[in-house]
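Given next are the chains, with one letter for each unit.
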Amino acid sequence: MTHRYACFIALMGLSAMPAAAHAALAQPSDWLLASLSGAIEHHIAGHTAWHARLMVLGWGILLPLGALAARFFKIMPGQDWPQQLDNKAWWHTHRVLQYAGVLAMTVGLGLAWGLAGRRDTAAQVHAWLGWSLCIAGWAQVAGGLLRGSKGGPADARLRGDHYDMTRWRIGFERLHKSLGWLAIALAVMTIALGLVIVDAPRWMAAVLALWWCAFAAAFIRLQRQGRCIDTYQAIWGPSAVHPGNRRPLMGLGVRRYTAAAWRARCGRP
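Q: Just to check I follow, could you spell out the overall build of the protein for this structure?
A: Along the backbone of the protein there are 11 helices and 0 strands. N-terminal to C-terminal, the α/β element order of the protein is α-α-α-α-α-α-α-α-α-α-α. Each of the 269 residues in the protein was classed as buried or not, and the buried ones make up 35%. Looking at the protein alone, contacts between residues at least 24 apart form 74% of all its contacts between residues at least 6 apart. For the protein, the exposed area adds up to about 15,700 Å²; of that, 68% sits on carbon and sulfur atoms.

Q: It is not clear to me how the confidence of the model for the protein should be interpreted in this structure. Could you clarify?
A: Segments scoring low in pLDDT should not have their predicted coordinates read at a detailed level. Predicted confidence across the protein gives a mean pLDDT of 87, with 86% of residues reaching 70 or more. In the predicted structure, residues 1-26 sits below a pLDDT of 50 and forms 14 contacts with residues beyond four places in sequence or in another chain.

Q: Please explain the nonpolar core as it appears in this structure.
A: Side chains that are nonpolar tend, in soluble globular proteins, to be buried together. Core analysis: the biggest nonpolar cluster contains 20 residues, and Trp-59 and Met-105 have the highest contact counts within it. For this core, the elements supplying multiple residues, two or more each, are α4 (46-72), α5 (89-112), α6 (121-145), α8 (167-197) and α9 (202-224). Apart from residues lying up to four places away in sequence, Trp-59 is in contact with Pro-64, Met-105, Leu-133, Gly-137, Ala-183, Ile-184, Ala-187, Ile-191 and Trp-212. Core analysis: the second largest hydrophobic core is formed by 7 residues, Met-165, Ile-170, Tyr-232 and Trp-236 among them.

Q: What is the right way to read unusual backbone geometry from this model?
A: Where the residue is not glycine, phi is negative for most of them; where a peptide bond is considered, it is trans in most cases. The linkage connecting Trp-81 with the following residue, Pro-82, adopts the cis geometry, with an omega of 5 degrees. The topology assignment puts Pro-82 in the loop between α4 and α5. Positive phi is not limited to glycine here, since Met-165 has a value of about 50 degrees. Secondary-structure assignment places Met-165 in the loop between α7 (161-164) and α8. Not every positive phi belongs to a glycine, and Asp-199 is a case in point at roughly 55 degrees. With respect to the helices, strands and loops of the structure, Asp-199 is situated in the loop between α8 and α9.

Q: What should I look at first to understand the side chain of Asp-161 in this one?
A: Along the chain, the position of Asp-161 falls in helix α7. As a buried residue without a salt bridge, Asp-161 has its nearest oppositely charged side chain in Arg-157, at a separation of 7.8 Å. One polar contact links the side chain of Asp-161 to the main-chain amide nitrogen of Ser-149, over a distance of 2.9 Å. Polar side-chain contacts of Asp-161 include one of 2.8 Å to the side chain of Thr-166. Sequence-distant contacts of Asp-161, defined by excluding residues within four places in its chain, comprise Arg-147, Gly-148, Ser-149, Lys-150, Thr-166, Trp-168 and Arg-169.

Q: Please clarify how the packing of aromatic side chains should be interpreted in this entry.
A: The geometry of an aromatic ring pair comes down to the distance between the two centres and the angle between the two planes. Applying the stated criterion across every chain yields a total of 11 aromatic pairs. Centroid distance Trp-181 to Phe-219: 5.3 Å. Interplanar angle 80 degrees. Geometry classified as edge-to-face. Here the residue Trp-181 occupies a position in helix α8, and Phe-219 occupies one in helix α9, the gap between them amounting to 38 residues. Clustering of aromatic rings is evident, with ring pairs tying together Phe-72, Trp-181 and Phe-219. If you follow Arg-53 out to its NZ or CZ, it ends over the ring of Trp-50, 4.6 Å from the centre. Over the ring of Trp-90 we find Lys-74, and its NZ or CZ is 5.1 Å from the ring centre.

Criteria and cut-off values
- Residues numbered from 1 in each chain as written.
- Predicted model: local features only at pLDDT ≥ 70, side-chain atom pairs only at ≥ 80, totals over all residues.
- Heavy atoms only, no water.
- Helix = DSSP H or I, 4+ residues; strand = E, 2+ residues; numbered from the N terminus.
- Buried < 20%, exposed > 50% of the residue type's maximum accessible area, 1.4 Å probe, protein only.
- Contact = heavy atoms within 4.5 Å.
- Areas by Shrake-Rupley, 256 points an atom, 1.4 Å probe, with all protein chains shown as cover.
- pLDDT = per-residue confidence, 0-100.
- Core = buried A, V, L, I, M, F, W, Y, C linked by side-chain atoms within 4.5 Å.
- Lys, Arg positive; Asp, Glu negative; His and termini not counted.
- Salt bridge = Lys/Arg side-chain N within 4 Å of Asp/Glu carboxyl O.
- Polar contact = N/O pair within 3.5 Å; in protein donor to acceptor, adjacent residues only side chain to side chain.
- Phe/Tyr/Trp six-rings, centres within 6.5 Å; stacked < 30°, edge-to-face > 60°.
- Lys NZ or Arg CZ within 6 Å of the ring centre and 35° of its normal.

So this is what it looks like as structure tokens:
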């Protein structure tokens, strides 16, 4: 059989498989258990498997959920804003999820360190993307620690980087938000490429695809509901007496509300 003919048969899918394998994959469950290439058996080294699991846990689940909490839950459901200000539930959730995600990422990187593996183009691209994500994750943690002082009427000192929206705080917010969402988009591609490289079972790809579709649907729904609220307003309210409320909004899709507009949105008199 020539190479060209073999490629043609491979493109025809299951017709090139032995009769027994063809029958085995006739059931949907068997099709899901097969690898992406169609092979029935699949083997992956232990360190590589745990590297993949931790990276998916970190960049596929924990970090995206933390970003979702920070974007859409600065005012919690049922919170009587602006009478009740600065609900820190979103902040604690965001911080715990991001720290846990970066920890999982770091351990996953350690498991992959020095492993001998494929050196083809796909593997090299995956490695460079992975390193970029790790650097972005550590940079996000460092940026959060260096975000500056808070300030505000409830603080011991009124003046603060966040309350006054200093250049330092403005730079932090622009970089932190844009880098975070860019990294999440990059993570989707990196994880997908990793699945192809290890020839993962199809059910893994299917589950992750469903998860990302659910995540995207939740993002769109919450955005359309107008829940992406300016952090400054969520903490200090809508009054123009606060200096940050007199500055232009930062970030795509971020919204400000008056007290009356928020009550109307929530269906309260």
